[in-house]
Amino acid sequence: ARFDGDLRRIYQAHPAELASVRGISHATAARIKAALNLGMRLHGPLEERPIINSPADATALVQHEMGLLEKEHLKVILLDRRNHVMDVVQIYEGSVSSSQVRIAEVFRPAIQRMASAIIACHNHPSNDNSPSPEDVAVTRAMVQAGKLLDISLLDHLILSCRGFVSLKERNLGFV
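Values in this document were obtained by computation on a predicted structure and should not be read as measured data.

A. Molecular detail of the overall build of the protein. The number of helices and strands found in the protein is six helices and five strands. The order of helices and strands in the protein, counted from the N terminus, is α-α-α-α-β-β-α-β-α-β-β. C-alpha extents for the protein along the principal axes are approximately 55 × 35 × 30 Å. Burial status across the protein gives 39% buried among its 175 residues. Split by element, the accessible area of the protein, about 10,400 Å² in all, is 53% carbon and sulfur.

B. Region of the structure containing helix α6 (residues 133-149). For α6, spanning 17 residues, the distance from its first C-alpha to its last is 24 Å, which sits close to the expected 24 Å at 1.5 Å a residue. Within α6, the full set of buried residues consists of Asp135, Val136, Thr139, Met142, Val143, Ala145 and Gly146. Residues of α6 that are buried make contact with α5 (103-113), β3 (117-123) and β4 (152-160). The positive-phi residue at the C-terminal boundary of α6 is Asp150, with phi of around 60°.

C. Broad picture of the nonpolar core. Of all hydrophobic cores here, the largest spans 21 residues; its most connected members are Val76, Leu78, Val106, Phe107, Ile118 and Leu153. Ranked by residues supplied to this core, first place goes to α6 with four residues. When near neighbours in sequence (up to four residues on either side) are disregarded, Leu153 contacts Ile118, Ala120, Thr139, Met142, Val143 and Phe174. Grouped together as the second largest cluster of nonpolar side chains are twelve residues, Ala58, Val62, Ala117 and Ile119 included.

D. The pairing of β4, seen in detail. Taking burial as the measure, the nine residues of β4 include seven buried ones, the bulk of the element. On the question of chirality, the crossover connecting β3 to the parallel β4 by way of α6 is right-handed. Counting the residues in the hairpin turn of β4 and strand β5 (residues 163-166) gives two residues.

E. Representation of the pairing of strand β2 (residues 85-93). Where strand β1 (residues 73-79) and β2 come together, seven bridges link them in antiparallel fashion. Residue pairing in the sheet places His73 in a bridge with Glu93 of β2.

F. Fine view of the pattern of salt bridges. Taken as a whole, this structure holds five salt bridges when the rule is applied. Taking the shortest distance from any N to any O, the salt bridge between Glu105 and Arg102 comes out at 3.0 Å. The exposure class assigned to Glu105 is partly exposed, which follows from its relative accessible area of 22%. For Arg108, the salt bridge goes to Glu105, with nearest N and O atoms at 3.1 Å. With a gap of three residues between them, Arg108 and Glu105 both fall in helix α5, about one helical turn apart. In the salt-bridge network here, residues are joined through shared partners; they are Arg102, Glu105 and Arg108.

Criteria and cut-off values
- Residues numbered from 1 in each chain as written.
- Predicted model: local features only at pLDDT ≥ 70, side-chain atom pairs only at ≥ 80, totals over all residues.
- Heavy atoms only, no water.
- Helix = DSSP H or I, 4+ residues; strand = E, 2+ residues; numbered from the N terminus.
- Buried < 20%, exposed > 50% of the residue type's maximum accessible area, 1.4 Å probe, protein only.
- Areas by Shrake-Rupley, 256 points an atom, 1.4 Å probe, with all protein chains shown as cover.
- Expected span 1.5 Å × (residues − 1).
- Contact = heavy atoms within 4.5 Å.
- Core = buried A, V, L, I, M, F, W, Y, C linked by side-chain atoms within 4.5 Å.
- Right-handed = clockwise from strand over helix to strand, strands pointing away.
- Pairing = 2+ DSSP bridges.
- Salt bridge = Lys/Arg side-chain N within 4 Å of Asp/Glu carboxyl O.

See the structure below:
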């Protein structure tokens, strides 16, 4: 609670600051700092994170997993101001043919992580990548919400094992 659930703030905190939290000893603070440092090494420096320059780049991050799912899932790719991938977050798991989307839930991780932009990705287990009227309506709502929040929706991708469709490239919901 002291760090508002922000791992970056915990990473930047001095071990003594961590140890000042009730229930965290100096040894535990050192373990936390060591674990975060190992995590940073595993993930690599910011420059080594993938950069999204096209719908194909975004698809490459999630296609293998999402193309095989038996239910609809919605994920967002969080991006910094230079389109470096910050994280990929699952927002919803729906049924075989649908997923109800609450726009506030889509943007929550972006707000929490102070992302500059997102790319929404969802799969069609039927392997028909054709955008439905609901897909276009949700995209339109995400675009509007993003404008209000100053978090750009760069694209909305529909994925299956047969490939992907970019609603942005088709100009569906982005007008």
